[in-house]
Amino acid sequence: MKKRTDFLVIGSGIAGLTFALEAVKVGKVTIVTKANLEDTNTRYAQGGIAAVFSEPDNFEKHINDTLIAGGGICNEEIVRMVVHEAPDRIKDLIKMGVSFDKKEDGTYDLAKEGGHTEYRILHHKDRTGESIQKTLMEKVRNEANIEILEHYFAIELLTQHHLGEVVKRNYPDVKCYGAYVADLINQQVITLLSKVTIVATGGIGNVYLTTTNPEIATGDGVAMVYRAKGTIENMEFIQFHPTSLYDPERKPSFLITEALRGYGAVLKNLSGEKFMNRYDSRGSLAPRDIVARAIDNEMKIWGDDHVWLDCTHLNPEGLKDHFPNVYEHCLERGIDFTNDMIPVVPCAHYSCGGIKVDINGQSNIDRLYALGEASSTGLHGANRLASNSLIEAAVYAHRAAIHSGTRLNDLTFEERIPVWDYKGTTHLEEMVLITQSTKEVQMIMSNYVGIVRSDIRLERAMVRLDILYEETERLYKKSLISKKICELRNLINVGYIIIKMAKNRHESVGLHYSIDYPKRASSEF
Ligand SMILES: Cc1cc2nc3c(=O)[nH]c(=O)nc-3n(C[C@H](O)[C@H](O)[C@H](O)COP(=O)(O)OP(=O)(O)OC[C@H]3O[C@@H](n4cnc5c(N)ncnc54)[C@H](O)[C@@H]3O)c2cc1C
């Protein structure tokens, strides 16, 4: 079956939905999303969204904080653009109905997180993402020219490869004509032709064993674009959030927002020592990579499974009012954070790299844009400054919609793309082959490609992943399409890219730390 749409948007988080709401002003939009509309990383965002809103903050301070966190690898032109456009995108969200907390005097209740030198995080309690997701969903559901296809899984991007051409990585002019998308409920693959395709598929957290990301975050967009011969960059920079609730049985890991440390909570080791001061003069408010490595080190030195986050010295009512989500969640597990310390561990949280895009979100593949966490814009460099990701998605979604909208009249559907070929494929009888391989990928990545890396660990990871790659490709070719096998394939692709990029970086910078190259190659920054 073939379908046609002007804008094919893959993903229903802040990036995909914001794009859709702007693009619908000039054309028909189809959003495909592999689970329910609300199943996104966006919904989980707690801390907030960063923008300069009032004095003494100013653009230069936000730019500077972002550049410092990025370890000299950010693109300064992009940082300047995002920081300057951020307040307008926040105003758009407010206009659409997102409400950010205010103080009694009517000004915004701005929070501060690690790495920020000023209070500039707008938030809705500690449920900012939920509020943004809900508002955007209401808006897209009210647009007649936005079609929403839930439980539709994008498998493969359509390029000249599907017209029989040999498309290699140095192919001069790859074009994207849409995607093969599996309707998971009716179990059929649809050829979705588009004039413009948007990859807004979010993060990669499930490449690792423990992650704050929901189960949708399997790096599908990065893997699809890589296979289509698009450029991927900076994938070695995986942010491990320093403080997720220690609870080995639970997936995804529950994040204890950094804003709690901004509010005064302090990290302690199991002996009760405020160990962060030994690692950084900013103590518990040092940037995430430093805090995550420090916790990892404390746990390794003492052989402990977690450290403590202590807020018992803070005003109990203020805590409950500002962090109701964390409070309720901890209470469900028998931890009253006004009296008890919270056990925390670092876990995979955010991918700073991704599909390389230009200032308008356009990838090196013509007619293909990438937005949000799946993209690499140059904003984050080697490490993301907290709360800079929601705003990056909003800024780029706006720019990409305007940029691609101006091209729409010049583009046509590529009707020669064939429908999906089911020949030679059958139902997979043993799902254990997939579930076991998925666990193996996650073990390999967590054990060898985590917070601290080395040449020998990376080499070992590559050799083991290669075996899984060969096995999975053989299985994929003879199996009918299922979500699980596609995700496994994508996890392996993403794992491979992370390892390859980590191996190529002979220095320690930002989120990439190798014991074989403990220093920064260039000391400019
Ligand atoms: C616990 C947590 C807390 C966070 N807190 C903050 C914060 O306070 N501030 C901040 O700025 N950032 C925060 N982040 C990061 C931020 O939430 C994400 O980077 C951002 O929401 C990503 O938005 P997105 O639109 O790119 O992707 P997502 O919101 O993840 O949406 C991805 C979409 O793509 C769909 N999809 C994926 N693959 C396919 C496929 N093959 N076919 C079809 N659909 C597909 C998914 O189903 C989903 O709809 C947090 C993240 C987490 C997990």
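Up top you'll find the structure we're talking about.
Conventions and cut-offs
- Residues numbered from 1 in each chain as written.
- Predicted model: local features only at pLDDT ≥ 70, side-chain atom pairs only at ≥ 80, totals over all residues.
- Heavy atoms only, no water.
- Near = heavy atom within 4 Å.
- Polar contact = N/O pair within 3.5 Å; in protein donor to acceptor, adjacent residues only side chain to side chain.
- Areas by Shrake-Rupley, 256 points an atom, 1.4 Å probe, with all protein chains shown as cover.
- Helix = DSSP H or I, 4+ residues; strand = E, 2+ residues; numbered from the N terminus.
- Nonpolar A, V, L, I, M, F, W, Y, C, P; charged D, E, K, R; others polar.
- Expected span 1.5 Å × (residues − 1).
- Buried < 20%, exposed > 50% of the residue type's maximum accessible area, 1.4 Å probe, protein only.
- Pairing = 2+ DSSP bridges.
- Core = buried A, V, L, I, M, F, W, Y, C linked by side-chain atoms within 4.5 Å.
- Contact = heavy atoms within 4.5 Å.
- Axes fitted to C-alpha atoms, helices over the stretch in contact; angles between N-to-C directions.
- Left-handed = near helix turned anticlockwise from the far one by under 90°.
- Salt bridge = Lys/Arg side-chain N within 4 Å of Asp/Glu carboxyl O.

## Here's the deal with the site of the ligand
At step 1: Residues in close proximity to the ligand total 38 residues, the closest being Thr42, Gly47, Gly48, Glu373 and Ser389.
At step 2: In the model, a nitrogen atom of the ligand is placed 3.1 Å from a nitrogen or oxygen of the Lys34 main chain.
At step 3: Coverage of the ligand by the protein chains reaches 99% of its 1000 Å² of free accessible surface.
At step 4: The biggest single contributor to the shell around the ligand is strand β6 (residues 152-157), with three residues.
At step 5: A class-by-class count of the residues in the shell around the ligand yields 14 nonpolar, 19 polar and five charged.

## Thoughts on unusual backbone geometry
At step 1: Backbone torsion omega between Glu55 and Pro56 reads 10 degrees, so that peptide bond is classified as cis.
At step 2: Its location among the elements puts Pro56 in the loop between β3 (49-50) and α2 (59-69).
At step 3: Cis peptide bonds are those with omega within 30 degrees of zero, and the linkage from Lys251 to Pro252 qualifies with -5 degrees.
At step 4: With respect to the helices, strands and loops of the structure, Pro252 is situated in the loop between β10 (238-245) and α6 (259-262).
At step 5: Unlike most non-glycine residues, Asn234 shows phi in positive territory, near 60 degrees.
At step 6: The phi torsion at Arg367 lies on the positive side, around 70 degrees, for a residue other than glycine.
At step 7: In this fold, Arg367 is placed in the loop between β14 (354-356) and β15 (368-370).

## Remarks on helix α4 (residues 128-141)
At step 1: Over its 14 residues, α4 runs 20 Å from end to end, which matches the ideal 20 Å to within 8%, given 1.5 Å per residue.
At step 2: Where α4 is concerned, the buried positions are Thr128, Gly129, Ser131, Ile132, Gln133, Thr135, Leu136, Met137 and Val140.

## Brief notes about the pairing of strand β7 (residues 178-183)
At step 1: For β7, a buried count of six out of six residues is recorded, marking the element as mostly surrounded by other parts of the structure.
At step 2: Counted between consecutive antiparallel strands, the loop separating β7 from strand β8 (residues 188-199) contains four residues, among which Gln187 sits at a positive phi close to 50 degrees.

## Focus: the nonpolar core
At step 1: Counting residues in each nonpolar core, the largest one holds 72 residues, and the members touching the most others are Leu157, Tyr208, Ile232, Met235, Val449 and Ile498.
At step 2: Setting aside residues no more than four positions away along its own chain, Met235 makes contact with Ile204, Val222, Ser351, Gly353, Gly354, Val494, Ile497, Ile498 and Met501.

## Considerations on the environment of Glu113
At step 1: Note that Glu113 resides in the loop between α3 (76-96) and β4 (121-122).
At step 2: Through-space distance from the C-alpha of Glu113 to that of Ala259 is 5.4 Å; in sequence the pair is 146 residues apart.
At step 3: Non-local contacts of Glu113, meaning those with residues more than four positions away in its chain, are made with Gly47, Ile121, Thr257, Glu258, Ala259, Leu285, Ala386 and Ser387.

## Concerning the packing of helix α1 (residues 14-23) against helix α10 (residues 389-407)
At step 1: Two elements in contact, α1 and α10, have axes separated by 8 Å at closest approach and are oriented at 35 degrees. Between α1 and α10 lies a crossing whose hand is right-handed. On α10, the residues that touch Ile14, Ala15, Thr18, Phe19, Glu22 and Ala23 of α1 are Leu390, Ala393, Ala394, Ala397, His398, Ala400, Ala401, Ile402 and Ser404.
At step 2: Partitioned by chemical class, the residues of the contact of α1 with α10 number 11 nonpolar, three polar and one charged.

## A look at the environment of Tyr396
At step 1: Its place among the elements puts Tyr396 in helix α10.
At step 2: If near-sequence neighbours (up to four positions away) are discounted, Tyr396 is found in contact with Ile78, Met81, Val82, Asp358, Ile359, Asn360, Gly361, Leu371 and Thr377.

## A look at the side chain of His116
At step 1: One can find His116 in the loop between α3 and β4.
At step 2: Note on His116: relative accessible area 5%, which makes it buried.
At step 3: Looking at His116, its side chain comes within polar contact range of the main-chain oxygen of Ala386, at 2.7 Å.
At step 4: Every residue in contact with His116, bar those within four places of it in the chain, is listed here: Ala50, Asp65, Ile121, Leu385 and Ala386.

## Some thoughts on the pattern of salt bridges
A side chain with one charge can pair with a side chain of the opposite charge if their charged atoms come near.
At step 1: Going through the model one piece at a time under the given rule, you end up with 43 salt bridges.
At step 2: Look at the salt bridges and you will find they share partners, linking Lys34, Asp220, Lys483 and Glu487 into a network.

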